[in-house]
Amino acid sequence: MKKWVLLAGAIIAEVSGTIMLRAAVDHPVWVVPVAVAYAAAFTLVGLTLRAGLPIGVAYGIWGAVGVALVALLGTTIFAETISAGALIGIAIIIVGVILVETGSHPRRTDDDEALT
């Protein structure tokens, strides 16, 4: 459970940093909070890996959820548009992450069960 909480924190920090980065384009005062948010995001991802989440799963979820949230928040906060193609791309990324997650656990065989 701890690894998922850490990963959620990393996602929130990274998405916050990216949204603030967009805001920094118009208001440079946001540059310092951007750096703090990104430092927090990378620290939390490192702690997530230390807690035992495989790197492919952690990075895949972090990236996919981050992309989806930033795209959605960009439309609501900055009135950016998102095309149907972009939505399809986000859906494909999410499906890919699910496939990576389900494929990251080794399958148990009859031999494995005999050993336990």
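Our structure's up above, just so we're on the same page.
The structure presented is a predicted model; accordingly, all values stated were derived computationally and were not measured. (Residues numbered from 1 in each chain as written. Predicted model: local features only at pLDDT ≥ 70, side-chain atom pairs only at ≥ 80, totals over all residues. Heavy atoms only, no water.)

### Quick notes on a nonpolar patch on the surface
Residues Val65, Leu69, Leu73 and Ile77 make up a contiguous nonpolar surface patch of roughly 280 Å² in combined accessible area. Tracing the sequence through the fold places leucine 69 in helix H3 (residues 55-77). (Patch = residues over 30% accessible without salt bridge, like charges linked within 9 Å, V, L, I, M, F, W, Y side chains within 5 Å. Areas by Shrake-Rupley, 256 points an atom, 1.4 Å probe, with all protein chains shown as cover. Salt bridge = Lys/Arg side-chain N within 4 Å of Asp/Glu carboxyl O. Helix = DSSP H or I, 4+ residues; strand = E, 2+ residues; numbered from the N terminus.)

### Looking at the pattern of salt bridges
Overall, the coordinates contain two salt bridges when judged by the stated rule. As a salt-bridge pair, arginine 22 and aspartate 26 come within 3.5 Å of each other at their nearest N and O atoms. Residue classification places arginine 22 among the partly exposed positions, given a relative accessible area of 29%. Between arginine 22 and glutamate 80 there is a salt bridge whose closest N-O contact spans 3.3 Å. Remark: glutamate 80 occurs in the loop between H3 and helix H4 (84-103) and arginine 22 occurs in helix H1 (residues 2-24); sequence separation between them is 58 residues. Here the salt bridges do not stand alone but share partners, grouping Arg22, Asp26 and Glu80 into one network. (Buried < 20%, exposed > 50% of the residue type's maximum accessible area, 1.4 Å probe, protein only.)

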